[in-house]
Structure formats: structure tokens, C-alpha cells
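Chain and residue survey
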Amino acid sequence: MMIKSCDRLVMIILILILFSAANLFEISLASAFDQNKNFQWEVDYIFRSPDCVENVVMGINGQFPGPTIRAKAGDTITVNLTNNLRTEGVVIHWHGIKQFGTPWADGTASISQCAINAGEYYVYTFKVDKAGTYFYHGHFGMHRSAGLYGSLIVDVADGLKEPFHYDGEFNLLLSDWWHQNVHEQAVALESNPFRWIGEPQSILINGRGQYNCSLAAQFNNTSGACSIGKDAQCAPDVLKVLPNKTYRLRIASATSLSSLNLAIGNHKMTLVEADGNYIEPVTVDNLDIYSGESYSVLFTTDQDPTKNYWISASVRGRLPKTPPGLTILNYQPNSPSSLPTSPPPIPPAWNDFNASKSFSNKILALQGSLVPRPPPRYNRRIFLLNTQNKINGIIKWSLNNISLVLPPTPYLGALKYGLDGKAFDKQNPPENFPRDYDIMKPPVNPNSSYGNGVYRFEFRSTVDVILQNANILAEGQSDVHPWHLHGHDFWILGYGEGKFTEERDEKNLNLKNPPLRNTVVIFPYGWTAIRFIANNPGAWAFHCHIEPHLHMGMGVVFVEGINQIKKMNIPDTALTCGLTGKLLVHNRGRG
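Residues numbered from 1 in each chain as written. Predicted model: local features only at pLDDT ≥ 70, side-chain atom pairs only at ≥ 80, totals over all residues. Heavy atoms only, no water.

1. Re helix H4 (residues 353–362)
For H4, the complete set of buried residues consists of Ser 356, Lys 357, Phe 359 and Ser 360. Mapping the buried residues of H4 onto a view down its axis gives an arc of 160°, with all of them on the same face. (Buried < 20%, exposed > 50% of the residue type's maximum accessible area, 1.4 Å probe, protein only. Helix = DSSP H or I, 4+ residues; strand = E, 2+ residues; numbered from the N terminus. Arc of directions from axis to C-beta.)

In C-alpha cells, the structure reads:
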């Protein structure tokens, strides 16, 4: 009896050893497939003709847009970035990458790191944790408006599959372009009297567009203004397809101002991914895409194969003084210079917000285990009132009457070394606004204040944010605002009209299948509710993704996991400015 018991015990131990070994082998095997991808980048101003008019743009290694990064989920990216701008700093934000364990690589000047000074370099090292369609862009001054952006595509890890099939894929990076340089734009936005930058001259698709001429003229050489060769810098990036195939089209918007509507002539699109998260497939004729958002759509080349078709990107939410960005879906073996016989797709009216709201409400999380559900309750809820205000006569954007001005010391370093109260405002900003505030009218008191305090969240707590839109300074006007959260994805619980009230709107929030995103729109005179888990130690920007609005103060900073931040081994190169820079110099002197 004793022998049998011992034998049984030995067998159990052997099974446990084999199981552990198998697990270790599995982990080692998975790690073996993870790769390190290394890049050497130099940022500089270069001459380019994005819309057939020569101008100065910000380029990387002489390229505009910057080089596309392609990796697999789990890979580690290392970018050694040298700033050749000579007179200004630079940083790069990896939009949609959550930076778990590497908050200093988020690329936000004065929040996660010091700006990289002229002639200096900085090494970004981070892991891409989830497959999806992303991009990167400058996050200092108005560098995105200057053209500092590029695509970042993350494929599924080896051995895994997407929950949909396609035969090939394309990538469209959308942006807008001004002929006025960003330094003039910045001065205009800070002037008294205020000078608005105006609408962009062009919509670019993969960095290419046409100003004051048509694609027909370009291809047929019928106009002197557009007599350019097919290989010129502004020639459209034609999408070449075969008949009766299904293609994945990755779309990301790096626009500085413009909300866009994208359509493929005569072709329907099925949305399958939004901001790196799978969604329930939904078929549409066109899609709205706001600055900071990304989508993947599937389309089938089932139309007349003897023709080519327009792809258009049209302005939404603003009176469109900018012509659509256009390129061509080229059915092979047709010539790419054979223009479509039908006109470009007609988008919804620029101010048809009902169409926009209907589209946004169609985006729902893919059912199943691939997309987690939100916690059923929140631990903390804050309200952020979006208003346009004035400070010393200069027009600003504010949240709860505070206009963000970033400090010289990065928040991440200040928190690590206990400099809050010295490096930035110790007092937390307001978490709500007066109940009697009339969002339908300009502010009674238009005056606001600067501030740089932070919202501190208990680590791993569940946070709700209610974004409340309102009238701007001008009578009868309220803007569209796309809001982007760094370091997290969040669940979009819902959109609504007028002022959010818990008595009326709480019961309508979607806790069953809300989409997981990193960017969300707030419509004029409306509200948007999001929920996220504060599970990523760091200091994270939450801001309007419209470049001039952020420049005018439309953002806040979220902080979580302060005890973990204090223990982080943050590279000195991220913190060598402001009070943290002085502290590091002092400590080296003592060492």
C-alpha cells in the first residue's frame, strides 16, 4: 500500500515537472519569436512638394511622411533619434502604443520627457503590445502640422490569426497641409488680436495631394499649373488591385485640424478594427475619421474590372474650404492613368452631425474574449467642460476654466523625485463645473486661468470621464473635438445631446459591448462618456487631438501609480531639463 502511494506521488511529481518544463519551453519559444527592431532616425527640415507647391516640411531621414515601422505584437522597437533641427527641440509620440513599463518613451515633451535639444539624440525603446493600425507623430510645439508623422503597423504575433480574412492590404495615412509654416501659425494663435490659422490648403493621402488643380489635369498634362510627371512628389499613391479579391485597407488620421469622411467609389467597406481593437463587422458606404483615430476596413473588388475608381477624403464638421484628397483604386491590368469615368463619391453634408452620430454609434466591440468588457462600476468620475475663453485678452481653450500650460520640468521626473508643488501646481484641477452653466450660450465670464496641476488616480481604480461640449466665444457655435488618451485604451460608454445628467443619461450608458478605443469624438453641444482602468504607472496626456486647440491649452494630465513611478529606473536623458536636470547634475557632483 505504501509502495503504491509512493509510486502515485512520484508520478504526480513527474507530471508537474513535465508540465512546468512544457510551460517554460512555451514561454521560451514565444520569447524566441519576439524580435528587436532597431532604427536610426534623423529629424530635419527638408524641401518637398506635398500638394504640388514646394514648401518646407519636417522629414525623417530625408523622407516625408516618415518611414513606416512594421513589427509584430511582442516585438521591441528601438529608435535612436537625432535632432538636426538646429534651433528647436523635438519628441516623437507613438500614438496608440500604451508604453507599459516605459512611460518615459511615450514622447510627450514636458510630460514624459524633456524635449530633445538641437544636435542631441534620444533612444526610444518600447514594446508593441497589441496588433493594430497605429502611427507616430511629433508632440512638441506644432510639429505634427509641420509634417512630422508616419505609420506604425503591428501585425499579430506568430502563430496567431486575425478574426477575418483578406488577400492583400494597403495603408492610408491621412493628413492636412498648410502653406503657412508652423512658426507663423503658432504666433498667430498667441496673438492679440487673435489670428486663426484658417482651413488647410490640401488634404494629403500618404503625404500626397493636389492644390489648385485636378487629378485629371495632372495625368493628362492639360494645365500648366499641374504639368507634373507621374513620379512627382505630389502624384497620388495609386492602389493597385486585382478583380474579385478582398483587401484590408488600414486608415489612420494624423490631421492637425480636419475631421474627414473617406469613401471608395462604388465599393462598400466593412469595418473590422478601430484604434488597434477588434470591432463587430459593420458594412458602410463611407466612414468618418477624426484626428487621432485609425480603422481597418475590408473591401471586395467586385465592380466592373475595366474601370478605375476614386478614393476620396472630404472635410467633415467644418465648412469645407479645402477640396477633397483624392487617389485612385486601380483595377489591374488597367492603366493607373486611366481616370475613373464617374465623379468622386459624394460625402454627407459637412454639418450633417446626425450622420456622424449614427456612424459613431455603429462601432461596437467584437463579441467574445478578444475584447474585454468594462468594469460594471466606476470608482471615480470627473467632468471636463470644453470651453473657449480668454486670458489677458488672448483666446485660449480651457477645461473646467483651466487652460493647460506645460511646465519646464517633465511631470514624470517631478513625480519620481517628489518635486510636485515645485515643478507644477500641487493643487488638483477642478473635477466638475457649475451645475447652472448654460452650454448653449457663450460663457458669461469669458476669463480663464492658466494651470498645470494633475488629476491623480488610485492605482488600478476605474475612472469615468464625461467630456462636456459647450458654445465657444462666438454666438451659436460649438466645435467638434477628438480626444486622445495616452497610455491607455478606454471604453466609449456613449454619446448624448445637451448637458449630461446622471438622472437621465446614466441608464443609457453601454456596459454590454462598448468599443475599446484610444481616441473619441465629442460632438457640438453634446457629451461623451468614457471609462478606463488606471493600471499604467506614469503621467499621461489627455487632450484634444486638434493641434491648434492643444497649443491653446486644451488638455489635462492624468497621473497613476505614483509609488511605482518613484521606483522606476527612468533614463537620465529623459529628465535633463528643469528642476530634475538640476537635481541630476547635483547628485552627480556628490557622487
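The discussion continues.
2. Observations concerning the pattern of salt bridges
In this structure the tally under the stated criterion is 26 salt bridges. A salt bridge links Arg 517 to Asp 275, with the nearest nitrogen and oxygen atoms 2.9 Å apart. With Arg 517 in strand E28 (residues 516–517) and Asp 275 in the loop between strand E14 (269–274) and strand E15 (277–284), this pair connects stretches of sequence that are 242 residues apart. Here Arg 517 matches Asp 275 in class, with each residue buried. A salt bridge links Lys 426 to Asp 420, with the nearest nitrogen and oxygen atoms 3.9 Å apart. (Salt bridge = Lys/Arg side-chain N within 4 Å of Asp/Glu carboxyl O.)

3. Re the confidence of the model for the chain
Summary statistics for the chain give a mean pLDDT of 91 and a share of 90% for residues scoring 70 or more. In the predicted structure, residues 1–32 sits below a pLDDT of 50 and forms zero contacts with residues beyond four places in sequence or in another chain. With pLDDT under 50 throughout, residues 216–229 is counted as low confidence; its partners more than four residues away or in other chains account for 26 contacts. (pLDDT = per-residue confidence, 0-100. Contact = heavy atoms within 4.5 Å.)

4. Topic: the nonpolar core
Trp 94, Tyr 124, Val 465, Phe 542 and Phe 558 are the most contacted members of the largest nonpolar core, which totals 84 residues. Ignoring any residue separated from it by four or fewer positions in sequence, one finds Val 465 in contact with Ile 382, Leu 384, Thr 528, Ala 529, Ile 530, Phe 532, Phe 542 and Phe 558. Core analysis: the second largest hydrophobic core is formed by 32 residues, Phe 170, Phe 299, Ala 313 and Tyr 331 among them. (Core = buried A, V, L, I, M, F, W, Y, C linked by side-chain atoms within 4.5 Å.)

5. Structural notes on the packing of aromatic side chains
Two aromatic rings are characterised by how far apart their centres lie and by the angle between their planes. A complete count under the given rule lists 28 aromatic pairs for this structure. Residues Phe 433 and Tyr 437 carry aromatic rings whose centres are separated by 6.4 Å and whose planes lie at 85° to one another, so their mutual orientation is edge-to-face. Of the two residues, Phe 433 and Tyr 437, neither departs from the other in class, the shared state being buried. Ring centres of Tyr 455 and Phe 558 lie 5.9 Å apart, and the angle between their planes is 80°; on these two criteria the pair is classed as edge-to-face. Here Tyr 455 is found in strand E24 (residues 455–457), whereas its partner Phe 558 is found in strand E32 (residues 555–560), with 103 residues between them in sequence. An identical accessibility class is assigned to Tyr 455 and Phe 558; each is buried. Three or more aromatic residues joined by ring pairs make a cluster, and in this case those are Phe 39, Trp 41, Trp 94, Tyr 122, Tyr 124, Phe 126 and Tyr 136. Of note, Lys 416 hangs over the ring of Tyr 417, and the distance from its end group to the ring centre comes to 5.6 Å. (Phe/Tyr/Trp six-rings, centres within 6.5 Å; stacked < 30°, edge-to-face > 60°. Lys NZ or Arg CZ within 6 Å of the ring centre and 35° of its normal.)

6. Here's the deal with the UniProt feature "domain: Plastocyanin-like" (unreviewed entry) in the chain
What UniProt calls "domain: Plastocyanin-like" (unreviewed entry) maps, in this numbering, to residues 45–155, 170–333 and 445–561. For residues 45–155, the end-to-end C-alpha separation is 31 Å, with 0% helix and 42% strand making up the annotated structure. With 8% helix and 45% strand, the stretch residues 445–561 has end C-alpha atoms that lie 37 Å from each other. (UniProt positions renumbered as here; feature names shortened; annotations may be inferred.)

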